Structures are given as C-alpha cells and as structure tokens.
Amino acid sequence: MINAALVLEGGSLRSLYTAGVLDVFIENEMEFECVIGVSAGALTGANYIAKHAGRSAKINILHSNDSNYYGLKQLIFKRSAFNFNYIFYSPIKDLYPYNENMLANTKQKFLICATDCETGKAVYFEKYNYNELVQTLQASSSLPLLSKPVIVDGITCLDGAIADPIGVNKAFSEGYEKVVVVLTRDLEHSNKKVIKMGQRLSRMVYKKYPELIEALNNVANNYNSLIEQIYKMEQENKIFVIRPSREVKVGKMEKDARKLIDLYFHGRDDARGLLKKMFEYLNG
C-alpha cells in the first residue's frame, strides 16, 4: 500500500485518459491509501478500487454510440444526458460484472466529491456498499442543466466539479504529504467563463438554490485558479501530476470511438513513461 493520496479529475469522456493511467497502476499492483475522485474521475476510480483493469475503457468505448447510454435521446426522454441505471445496473453490470466483494473489503479509502445544492460547497462521501456507491457516483456525476440532482444522505447534490473539480486540497486535509494528481486536460488548457445564456438558465432552473447559482457562475475562475495552484505545487515538488502530454480533442459526450481509444492509450503511454519519476517522488 502506497502512503499517498491519488486525486482524479473529472471531465466526462475525457476520463478515458484516466482509465489508461489507472489500468497501468492496476497492472503494476499500485494501491494508494486514499483515492479522491470527482464526477467521471470518481466513476473511473470505482473501477480502480475494485481492480477492474479495462472495465472503464470497455464500457465507454464499446458503448460510445449506444443511445441508451448517453446523448440527446436520454436528455429528451430521461431529463439526463447519461442513463445511470443503464450503466450501473442492467445491462452494463451484466455484461461487465463489478466485484462488490472487492469494494466492500478494500483497505483503500475512497472519497467521492459532490456539490451540495443548498450551500454550493463540496461534500465528500465514503461508500463501500454497491447500491450506496452507485447513488453517490450518480450525484458526483450529475452535470448541471443536463442531469437531475441526486439526494445522498439527505443532501441534494449535483456534479462535484462545480465546487471542487480537483480534490488536491482535500488530499492534504486528510493528512497526506504525498499526492499524485491525474488531470484530463493538457497544460495549456484553461476553462472558459460561463456564457450569459447559461447563467440565465441556471437562475431559472436552480432558483431555489442561490448558493449553487453563485458557485456555477464562478466555476471557470475557480478551476483556473486551482490549475495555477496545482502547477505551482508541482514545480515545488509538493505533488506529482500526470496530465495529457498533448491536447485532448474529445467532447463531453464524444461518439467517435477512435478518439476514445486513442485517448485511453494516450493515458497508458503517459503513465508508463512517468512511473519511474513518480516512484522517485513517492520515495523521496
């Protein structure tokens, strides 16, 4: 067991990069004491916790053109861009069984970030029962305006990336001195500000949650500030970062399986190339 925290950024289908990185970790029997995931990073982290190498890649690549999984059809008829029942239960769980015993008995701490709609702040959940895990993963991955809020432990939640897109500060607050961060965007990327139409929609849809609206309006600034902080900590050798070594051209609901395959192997290649440096950081 590695005495360090592993932090996983979200990014919807960009998480194929993370899937490649984590599969390399599984193949090298690398277990981090603490795994912190948000949104698609948490989804991919759940497969890492259960030691399912290849599962995230198979689901997202082989079903990338499955309209029952995600897309406009789901948004129109289910009011959610992603069909969570489809991917967590039947038929995906039947096709690619999930090791619930591994989840229940793991010695790794698995923290999943969501955003509390009432406060607009990040909340972290730790679940080791499959049904509770599914509910929490759904809350963490429920994209604003594209998904319905999910209630976990009495808290109405949306996508954790609204409040805390990369849980590096949570890792330090948990007492870890060594932190490995997996990002899904290259070094040159920055978030664009929310367009006015998006702000108007948010005010209409979430009028009951003024703190959430404020958080949504500040998503871009908060993300860019956090990326600057991460870069500074990386330069000071306080954290170790694995990020795409070239620009990622994959959309949030990407349908091109070739792009997804390329991104998965991009993650694998980057992880293998950085293993030696990462071990030097962890053992330094």
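These remarks concern the structure in this document. This one's a predicted model, so the numbers in the text were calculated from it and none came from an experiment.

1. What to know about the side chain of Asn47
Moving on, step 1. Examined against the element boundaries, Asn47 turns out to sit in helix α2 (residues 40-49).
Moving on, step 2. Side chain to side chain, Asn47 and Ser56 meet in a polar contact 2.7 Å long.
Moving on, step 3. Apart from residues no more than four positions distant in its own chain, Asn47 is found in contact with Ile26, His52, Arg55, Ser56 and Tyr98.

2. Notes on the side chain of Ser56
Moving on, step 1. Counting through the fold element by element, Ser56 comes out in helix α3 (residues 55-62).
Moving on, step 2. Take Ser56: its relative accessible area is 8%, and that puts it in the buried class.
Moving on, step 3. Beyond its immediate stretch of four places on either side in the chain, Ser56 contacts Ala19, Thr44 and Asn47.

3. Thoughts on the packing of α2 against helix α8 (residues 130-141)
For any two helices packed against each other, the geometry comes down to the angle between their axes and how far apart the axes lie.
Moving on, step 1. Taken N-terminus to C-terminus, the directions of α2 and α8 make an angle of 150 degrees; their axes are 8 Å apart at the nearest point. It follows from the interaxial angle that α2 and α8 lie roughly antiparallel. Across from Ala40, Ala42, Leu43 and Ala46 in α2, the residues of α8 making contact are Leu133, Leu137, Ser140 and Ser141.
Moving on, step 2. Its residues assigned to classes, the contact of α2 with α8 comprises six nonpolar, two polar and no charged.

4. Brief notes about the packing of aromatic side chains
Moving on, step 1. Evaluation of the coordinates by the stated rule reveals six aromatic pairs.
Moving on, step 2. The interplanar angle of 40 degrees and the centroid separation of 5.7 Å between the aromatic rings of Phe25 and Phe32 together place this pair among those described as tilted.
Moving on, step 3. Judged by its relative accessible area of 0%, Phe32 falls in the buried class.
Moving on, step 4. Between Tyr98 and Tyr130 the ring centres are 5.4 Å apart and the planes differ by 40 degrees, which places this aromatic pair in the tilted class. Of this pair, Tyr98 sits in the loop between α6 (92-95) and α7 (100-105) while Tyr130 sits in helix α8, and the two are 32 residues apart along the sequence. Considered together, Tyr98 and Tyr130 belong to a single accessibility category, that of buried residues.
Moving on, step 5. Following the ring pairs from residue to residue traces out a cluster consisting of Tyr89, Tyr98 and Tyr130.

5. Notes on helix α13 (residues 257-283)
Moving on, step 1. The end-to-end C-alpha distance of α13, which contains 27 residues, comes to 38 Å, matching closely the 39 Å that a straight helix rising 1.5 Å per residue would cover.
Moving on, step 2. Its maximal kink placed at Leu275, α13 deviates by approximately 50 degrees.
Moving on, step 3. Summarising the contacts, the buried residues of α13 are in contact with β1 (2-8), α1 (15-27), β2 (32-38), α3, β7 (179-182) and β8 (240-242).
Moving on, step 4. Structurally, the start of α13 carries an N-cap: the backbone nitrogen of Arg258 is 3.0 Å from a side-chain oxygen of Asp256.

6. Concerning the pairing of β7
Every regular strand shows the same layout, with side chains that alternate between the two sheet faces.
Moving on, step 1. On β7, burial covers both faces: Val179 and Val181 on one face and Val180 and Val182 on the other are all buried.
Moving on, step 2. With four bridges connecting them, β1 and β7 associate as parallel partners. Considered in β7, the bridge of Leu6 is made with Val180.
Moving on, step 3. Relative to β8, β7 runs parallel, the two being bridged by three bridges.

7. Some details on the pairing of β2
Moving on, step 1. A large share of β2 lies buried, amounting to six of its seven residues.
Moving on, step 2. Bridging between β1 and β2 involves five bridges; their strand directions are parallel. Counted as the bridge partner of Leu6 is Val35 from β2.
Moving on, step 3. Following the chain from β1 across α1 to the adjacent parallel β2, one finds a crossover that is right-handed.
Moving on, step 4. Relative to strand β3 (residues 109-116), β2 is paired through five bridges, and the arrangement is parallel. Opposite Cys34, over in β3, you have Lys109 as the bridge partner.

8. Regarding the pattern of salt bridges
Moving on, step 1. Applying the stated criterion to the full structure yields eleven salt bridges.
Moving on, step 2. When the shortest N-O distance is used, the salt bridge between Glu100 and Lys93 registers 2.8 Å.
Moving on, step 3. Salt-bridge contacts for Glu174 lead to Lys109; the nearest nitrogen and oxygen are separated by 2.9 Å. You can see Glu174 sitting in the loop between α9 (168-173) and β7 and its partner Lys109 sitting in strand β3, a full 65 residues away along the chain.
Moving on, step 4. Residue classification places Lys109 among the partly exposed residues on the basis of a relative accessible area of 28%.
Moving on, step 5. One connected set of salt bridges, linked through shared partners, spans Lys109, Lys170 and Glu174.

Criteria and cut-off values
- Residues numbered from 1 in each chain as written.
- Predicted model: local features only at pLDDT ≥ 70, side-chain atom pairs only at ≥ 80, totals over all residues.
- Heavy atoms only, no water.
- Helix = DSSP H or I, 4+ residues; strand = E, 2+ residues; numbered from the N terminus.
- Polar contact = N/O pair within 3.5 Å; in protein donor to acceptor, adjacent residues only side chain to side chain.
- Contact = heavy atoms within 4.5 Å.
- Buried < 20%, exposed > 50% of the residue type's maximum accessible area, 1.4 Å probe, protein only.
- Axes fitted to C-alpha atoms, helices over the stretch in contact; angles between N-to-C directions.
- Parallel < 35°, antiparallel > 145°, perpendicular 65-115°, else oblique.
- Nonpolar A, V, L, I, M, F, W, Y, C, P; charged D, E, K, R; others polar.
- Phe/Tyr/Trp six-rings, centres within 6.5 Å; stacked < 30°, edge-to-face > 60°.
- Expected span 1.5 Å × (residues − 1).
- Bend = angle between axes of the 7 residues up to and from the residue.
- Pairing = 2+ DSSP bridges.
- Right-handed = clockwise from strand over helix to strand, strands pointing away.
- Salt bridge = Lys/Arg side-chain N within 4 Å of Asp/Glu carboxyl O.

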